[in-house]
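# Summary of structural features
What follows is each chain in one-letter form.
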Amino acid sequence: MYEGQQHWLHYRHIEQERNQFLGFFFTLLVAIVGFLVAISARSPTWPELAMGLTAIAAVLGTISLLIFASVRKFGAALRVYDRDIARIRESLFERVEPARTHLVSEPGTIAMRMRPLMLHRVFDPQVAAEVIVGTSAVVAVGVQLFVAVDSLVAGGFSAGQRVVACTLASVSLAGGAAAAWTWFTGRGLQDP
């Protein structure tokens, strides 16, 4: 009984940490949007605005990838706790008569008849957190690639601005590729 209680407390603590990371991420996102509005209100030239945009996208992409890695680790820990809690519940229910627990005889609703895996994936907070943070990282890398290509194609950019834009884009692209490779290769290890 004590083991189950401790697992549940740790499970809730990890969920709370994941939510704190997401709260930090959304605070950062709002700050970046505010910063972009402030920069664009000054009516700078396109090369100046593009350099500010690519620098902000680099910061957002880096922090998004770090938060994404943390959220993935939280998800792995939560899956272990899910498995252990289910094991503990099964061992406890073996000792109780089926009529003495409400969990065995819940009425069948449409939602309960649907595949639990499908419902779990569609409404899972872990999947939603990974999608939100991962999408933001992809968008940030896309913005950097756009600015880098535009700096090479369009006029008005200095040689230094081109170097900075291309360097930021290539580093972010390499980091994004490494994160994608880790995510795809880690799927097989985490999903039983």
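Rules and cut-offs
Residues numbered from 1 in each chain as written. Predicted model: local features only at pLDDT ≥ 70, side-chain atom pairs only at ≥ 80, totals over all residues. Heavy atoms only, no water. Helix = DSSP H or I, 4+ residues; strand = E, 2+ residues; numbered from the N terminus. Contact = heavy atoms within 4.5 Å. pLDDT = per-residue confidence, 0-100. Phe/Tyr/Trp six-rings, centres within 6.5 Å; stacked < 30°, edge-to-face > 60°. Buried < 20%, exposed > 50% of the residue type's maximum accessible area, 1.4 Å probe, protein only. Lys, Arg positive; Asp, Glu negative; His and termini not counted. Salt bridge = Lys/Arg side-chain N within 4 Å of Asp/Glu carboxyl O. Core = buried A, V, L, I, M, F, W, Y, C linked by side-chain atoms within 4.5 Å.

Within the chain, the regular secondary structure consists of six helices and zero strands. Helices (α) and strands (β) of the chain occur, in sequence order from the N terminus, as α-α-α-α-α-α. Restricting to contacts in the chain with at least 6 residues of sequence separation, those with at least 24 account for 81%.

Predicted confidence across the chain gives a mean pLDDT of 79, with 78% of residues reaching 70 or more. Of all the helices and strands in the chain, helix H3 (residues 110-113) carries the lowest mean pLDDT, 52, while helix H5 (residues 125-153) carries the highest, 88.

This part takes up the packing of aromatic side chains. Under the definition given, this model contains two aromatic pairs. On the numbers, 5.3 Å between centres and 80° between planes, the contact of phenylalanine 21 with phenylalanine 74 is edge-to-face. In this pair, phenylalanine 21 is assigned in helix H1 (residues 2-41) and phenylalanine 74 in helix H2 (residues 46-93), connecting sequence segments 53 residues apart. Their ring planes at 65° and their centres at 5.6 Å tell us that phenylalanine 25 and phenylalanine 26 sit as a pair that is edge-to-face. Classification of phenylalanine 25 by relative accessible area gives buried; the value is 0%.

Okay, the side chain of arginine 18 next. With respect to the secondary-structure elements, arginine 18 resides in helix H1. Buried within the structure, arginine 18 lacks any salt-bridge partner; its nearest side chain of opposite charge belongs to glutamate 15, at an N-O separation of 4.2 Å. Beyond its immediate stretch of four places on either side in the chain, arginine 18 contacts Val71, Phe74, Leu78, Pro125, Gln126 and Ala129.

With respect to the secondary-structure elements, arginine 79 resides in helix H2. For arginine 79, a relative accessible area of 24% gives the class partly exposed. Residues arginine 79 and tyrosine 11, 68 residues apart in the sequence, show an inter-C-alpha distance of 9.4 Å.

Time to look at the pattern of salt bridges. Inspection of the entire model under this criterion finds three salt bridges. We note a salt bridge from arginine 12 to glutamate 15, for which the minimum N-O separation is 2.6 Å. Taken together, the residues span about one helical turn, with arginine 12 and glutamate 15 both in helix H1 at a distance of three residues.

This part takes up the nonpolar core. In this structure, Phe25, Ile32, Leu60, Ile67 and Val133 are the most contacted members of the largest nonpolar core, which totals 14 residues. Counting residues per element, this core draws most heavily on H2, at six residues. Sequence-distant contacts of isoleucine 67, defined by excluding residues within four places in its chain, comprise Phe21, Phe24, Phe25 and Val133. Ala50, Met51, Val147 and Ala169 belong to the second largest nonpolar core, which has seven residues in total.

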